[in-house]
Amino acid sequence: MHLLKSNLLAMALLCLVITSCSKEDSAEVEAAKYDIDLALVQKNDSDMSARILELVNIHRDSLGLSILKMDTQYASAFAVDHTQYMIDKEQINHDNFGYRSEGIKFHDGAEVVGENVAYGYDTAEKVMNAWLKSPGHRAIIEGNFTHTGFGVMKCSKGRSYYTELFYRK
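Quick notes on the rules
- Per chain, the residues get numbers from 1 upward, laid out in the order the sequence is written.
- It should be noted that, the model being predicted, local features are given only for residues of pLDDT at least 70 and side-chain atom pairs only at 80 or more, the latter also being counted only at that level, while totals for whole chains, interfaces and linings use all residues.
- Side-chain measures were taken over the full set of non-hydrogen atoms in the model, leaving aside hydrogen atoms and water.
- Only protein chains enter the accessibility calculation, which uses a 1.4 Å probe. A residue is then buried if its area is under 20% of the maximum for its type, exposed if over 50%, and partly exposed in between.
- What counts as a helix is a DSSP run of H or I of at least four residues, what counts as a strand is a run of E of at least two, and both are numbered from the N terminus.
- Two strands qualify as a pair provided that DSSP identifies no fewer than 2 bridges between them.
- When checking whether two residues touch, look at their non-hydrogen atoms; a contact exists if any pair is within 4.5 Å.
- Every angle, taken between N-to-C directions, lies between 0 and 180 degrees, and every axis is a line fitted to C-alpha atoms, over only the stretch in contact when it is a helix.
- Angle categories: roughly parallel below 35 degrees, roughly antiparallel above 145, roughly perpendicular from 65 to 115, and oblique for all the rest.
- Two helices that cross are described as forming a left-handed crossing if the nearer one is turned anticlockwise from the farther one by less than a right angle, and a right-handed crossing if clockwise.
- What counts as a ring pair is set by centres within 6.5 Å for rings of Phe, Tyr and Trp (its six-membered ring), and what kind of pair is set by the plane angle: stacked under 30 degrees, edge-to-face over 60, tilted for all other angles.
- By nonpolar core is meant a set of buried Ala, Val, Leu, Ile, Met, Phe, Trp, Tyr and Cys residues that side-chain atoms within 4.5 Å join together.
- Counted charges follow a simple rule, with Lys and Arg positive, Asp and Glu negative, and His plus the chain ends left uncounted.
- Just to be clear on terms, a salt bridge is a Lys or Arg side-chain nitrogen sitting within 4 Å of an Asp or Glu carboxyl oxygen.

**With respect to the pairing of strand S2 (residues 112-119)**
Looking down a regular strand, the side chains alternate between one sheet face and the other.
Consideration 1: Across the eight residues of S2, six count as buried, placing the element largely inside the fold.
Consideration 2: In terms of strand pairing, S2 meets strand S4 (residues 160-168) through eight bridges, oriented antiparallel. Across the sheet, the residue bridging to Val113 is Tyr167, located in S4.

**Some thoughts on the sheet that holds S4**
Working definition: the strands of a sheet are paired by backbone hydrogen bonds and lie parallel or antiparallel to each other.
Consideration 1: Spatial strand order, S1-S3-S4-S2: four strands in an open sheet with mixed pairing. A strand with exactly one partner marks an edge of an open sheet, and here the two such strands are strand S1 (69-70) and S2.
Consideration 2: Set on the sheet, helix H4 (residues 74-89) makes contact with S2, strand S3 (147-154) and S4; between it and S3 the angle comes to about 30°.
Consideration 3: Along the sheet face, helix H5 (residues 97-108) touches S2 and S4 and points at about 130° away from the line of S2.

**Quick word on the packing of H4 against H5**
Think of two packed helices as two axes; the pair is described by the angle between the axes and how far apart they sit.
Consideration 1: Where H4 contacts H5, the two axes come as close as 9 Å, and the packing angle between them is 160°. With respect to H5, the axis of H4 lies roughly antiparallel. In terms of crossing hand, the pair formed by H4 and H5 is right-handed. Taken together, the residues of H5 that come into contact with H4 (itself represented by Tyr74, Ala75, Phe78 and His82) are Tyr99, Arg100, Gly103, Ile104, His107 and Asp108.

**Some remarks on the packing of aromatic side chains**
Aromatic ring pairs are described here by two measures, namely the spacing of the ring centres and the angle between the planes.
Consideration 1: One pass over the structure, following the stated rule, counts three aromatic pairs.
Consideration 2: Aromatic pair Tyr119 and Tyr161: ring centres 4.8 Å apart, planes at 55°, arrangement tilted. Placement of Tyr119 in strand S2 and of Tyr161 in strand S4 is noted, with a sequence separation of 42 residues between them.
Consideration 3: Measuring from centroid to centroid gives 5.7 Å for Phe145 and Phe166, while their planes differ by 45°, and the two rings are tilted. With Phe145 in the loop between helix H7 (135-141) and S3 and Phe166 in strand S4, this residue pair connects regions lying 21 residues apart in the sequence. Across the pair, Phe166 and Phe145 agree in class, each one buried.

**Details of the pairing of S3**
Consideration 1: Buried residues dominate S3, accounting for seven of its eight residues.
Consideration 2: Examined bridge by bridge, S1 and S3 share two bridges and lie parallel to one another. In the strand pairing of S3, Lys69 is matched with His147.
Consideration 3: By the bridge criterion, eight bridges tie S3 to S4 in an arrangement that is antiparallel. Paired with Phe150 across the bridge in S4 is Glu164.
Consideration 4: Where S3 folds back on S4, the antiparallel hairpin that results is connected by five residues, among which Gly158 adopts a positive phi of roughly 90°.

**Considerations on the nonpolar core**
Consideration 1: Grouped together as the largest cluster of nonpolar side chains are 20 residues, with contacts concentrated most on Ile36, Phe78, Ile104, Val113, Leu165 and Tyr167.
Consideration 2: Counting residues per element, this core draws most heavily on H4, which supplies eight residues.
Consideration 3: With residues near it in sequence (within four places) discarded, Val113 still touches Phe97, Ser101, Ile104, Lys105, Phe145, Leu165, Phe166 and Tyr167.
Consideration 4: If you look at the next biggest cluster of nonpolar residues, it comprises 19 residues, including Leu53, Val127, Ile140 and Val152.

**Quick look at the side chain of Asp108**
Consideration 1: Summarising the element assignment, Asp108 is placed in helix H5.
Consideration 2: The buried charged residue Asp108 lacks any salt bridge, with Lys169 as its nearest oppositely charged partner at 5.1 Å.
Consideration 3: Not counting residues within four places of it along the chain, the set of residues in contact with Asp108 comprises Asp71, Tyr74, Ala75, Tyr167 and Lys169.

This is how it looks when you write it as structure tokens:
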């Protein structure tokens, strides 16, 4: 019986040694978890995004809120990735928002993240007006954010899909 307890203790210690990891290993695992191709940003309609951002900032400024800075890296890559996902599903949604939020927190040091999505509008003015008419979308536009990233793309049928991610550092 004593030998069995000794063997179990030795095996437990061996497992502890084998499974322990350093802080650097944890960071690498975490980075891989939120890895995204920054080249995705090239798929974004940058002209439409710039116009939407201009309208968002005009609205925010009219309320005395700080203007948002365009993020053309991680937030936009996550936004483009989500827009492509919505196009593939042929529906707008907030599926996997937690993943995008955590990815932006990891890569950009965001404290809080918000998201607006839309579909079918053919101008920046129309999508902005629709968002402002919706209390939930309006609250995001008027929220305590500092940066925004976009995924604005057309599907093969010519319809526009939009993802705008907002975050505060």
